[in-house]
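# Chains, contacts and geometry: an overview
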Amino acid sequence: MDPRRAGRYERIYQQLEDLIEGKSPSLTAAMATICAVLHHKMPHHFWTGFYFTASDDELHIGPYQGPVACQVLKGRGVCLECARTGQPVVVPDVERFAGHIACDPRSKSEIALPVCAPSSEGPGRVAAVLDIDAAELRQFDEEDVEPLERILSLVHPYL
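Residues numbered from 1 in each chain as written. Predicted model: local features only at pLDDT ≥ 70, side-chain atom pairs only at ≥ 80, totals over all residues. Heavy atoms only, no water.

## A look at the sheet that holds strand β4 (residues 89-91)
We apply this condition: Whether two strands pair depends on DSSP finding at least two bridges between them. A run of H or I in DSSP becomes a helix once it reaches four residues, and a run of E becomes a strand once it reaches two; helices and strands are each numbered from the N terminus. To define axes, lines are fitted to C-alpha atoms, for helices over the stretch in contact only, and angles between the resulting N-to-C directions are given on a 0 to 180 degree scale.
Read from one edge of the open sheet, six strands run β3-β2-β1-β6-β5-β4, paired in antiparallel fashion. The two strands at the open ends of the sheet, each matched to only one other strand, are β3 (72-74) and β4. For this sheet, the mean angle separating the axes of adjacent strands, direction not counted, is 25 degrees. Bridge count for strand β1 (residues 47-55) against strand β6 (residues 126-134) is six bridges, and the pairing is antiparallel.

## A word on the packing of helix α1 (residues 3-20) against helix α4 (residues 145-152)
Inclusion rule: Roughly parallel refers to an angle under 35 degrees, roughly antiparallel to one over 145, roughly perpendicular to one between 65 and 115, and oblique to any angle outside these ranges. Here, residues are in contact when the closest pair of their heavy atoms is within 4.5 Å. By the convention adopted, Pro, Cys, Tyr, Trp, Phe, Met, Ile, Leu, Val and Ala count as nonpolar, Lys, Arg, Asp and Glu as charged, and the other residues, Gly among them, as polar.
Viewed as axis vectors pointing N to C, α1 and α4 meet at an angle of 5 degrees, and their least axial separation amounts to 10 Å. Here α1 is positioned roughly parallel relative to α4, judged by the angle of their axes. Contacts between α1 and α4 involve Tyr9, Glu10, Ile12, Tyr13, Gln14 and Leu16 on the former and, on the latter, Pro147, Leu148, Arg150 and Ile151. Counted by class, the contact of α1 with α4 contains seven nonpolar, one polar and two charged residues.

## Focus on the pattern of salt bridges
Stated formally: In what follows, salt bridge is the name for a side-chain nitrogen of Lys or Arg lying within 4 Å of a carboxyl oxygen of Asp or Glu. Only protein chains enter the accessibility calculation, which uses a 1.4 Å probe; a residue whose area is less than 20% of its type maximum is buried, one above 50% is exposed, and one in between is partly exposed.
This model, assessed by the stated rule, comprises six salt bridges. We note a salt bridge from Arg5 to Asp144, for which the minimum N-O separation is 2.9 Å. In this pair, Arg5 sits in helix α1 while Asp144 sits in the loop between β6 and α4, placing the two residues 139 residues apart along the sequence. Taken individually, Arg5 and Asp144 each receive the classification buried, so the pair is uniform in this respect. For Glu58, the salt bridge is made with Lys74, and the minimal N-O distance between the two is 3.0 Å. You can see Glu58 sitting in strand β2 (residues 58-65) and its partner Lys74 sitting in strand β3, a full 16 residues away along the chain. Overall, the relative accessible area of 17% leaves Glu58 in the buried class.

## Looking at the nonpolar core
The criterion, for reference: By nonpolar core we mean a set of buried residues, namely Ala, Val, Leu, Ile, Met, Phe, Trp, Tyr and Cys, connected to one another through side-chain atoms within 4.5 Å.
Core analysis: the largest hydrophobic core is formed by 28 residues, its most contacted members being Leu16, Ile34, Leu38, Phe50, Leu130, Leu148 and Ile151. Looking at this core, the elements that each hand over two or more residues are α1, α2 (27-41), β5 (109-116), β6 and α4. With seven residues, α2 is the largest single contributor of residues to this core. Not counting residues up to four positions away in its chain, the partners in contact with Leu38 are Ile12, His45, Thr48, Leu130, Ile132, Leu148 and Ile151. Phe46, Leu80, Cys82 and Val126 belong to the second-largest nonpolar core, a separate cluster that totals 18 residues.

## Side note on the state of the cysteines
Here a disulfide denotes a covalent bond joining the sulfur atom of one cysteine to the sulfur atom of another. Just so we agree on the cut-off: A pair of cysteine sulfur atoms is labelled a disulfide when the two atoms are within 2.5 Å.
Applying the stated criterion to the full structure yields one disulfide. A disulfide bridge connects Cys70 with Cys103, and the sulfur atoms are separated by 2.0 Å. A torsion of -125 degrees about the S-S bond marks the disulfide between Cys70 and Cys103 as left-handed. A residue pair is termed long-range when its members are at least 10 positions apart, and Cys70 in the loop between β2 and β3 and Cys103 in the loop between β4 and β5 qualify at 33 residues. Looking at Cys103, the relative accessible area reads 31%, which means it is partly exposed.

## Some thoughts on the packing of aromatic side chains
How two aromatic rings sit relative to each other is set out by the distance from centre to centre and by the angle between their planes. Stated formally: Ring geometry is summarised as follows: Phe, Tyr and Trp rings, the Trp one being its six-membered ring, pair when their centres sit within 6.5 Å, and such pairs are stacked at plane angles under 30 degrees, edge-to-face over 60 and tilted between the two. We count a charge as sitting over a ring when the NZ of a lysine or the CZ of an arginine lies within 6 Å of the ring centre and within 35 degrees of the ring normal.
Within the structure shown, the criterion is met by two aromatic pairs. Between the aromatic rings of Trp47 and Tyr64, the centroid separation amounts to 5.2 Å while the plane-to-plane angle is 25 degrees, which identifies the pairing as stacked. Here the residue Trp47 occupies a position in strand β1, and Tyr64 occupies one in strand β2, the gap between them amounting to 17 residues. Following the ring pairs from residue to residue traces out a cluster consisting of Trp47, Tyr51 and Tyr64. Over the ring of Tyr13 we find Arg150; its NZ or CZ atom is 3.7 Å from the centre of that ring.

Right, dumping it as structure tokens:
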């Protein structure tokens, strides 16, 4: 990872920790804060937001920053793949992802990470998905996963 990006993630985590821990009144407030900070501090983010799990085959829009988004995702797409598997999905080129849902044609690459409700048996059910789009190809890779998962850990107390 570019050392500047790694440093930026660390500074973002520290800022979000100060803003969320013991201060956010709800899950929605914590998510909105994460979206706002990530979207404005990461210059390659074109769209940054959450989708809530509505069913095994459907997600509904949550807090986000960026252009108007699809309000409902159903049946296919990067975010539903993430929700179904409970695993991060990194897509360097959305045109090469079978079943991609193009909420905005300017989106060229994407990363989606599950937000899992903690459970005594492990990660638990996927409550939501963090979705980040970029307007350029290959803006995300596996090295983005760990720092974003660390940021998402800040919402665990609200799940």
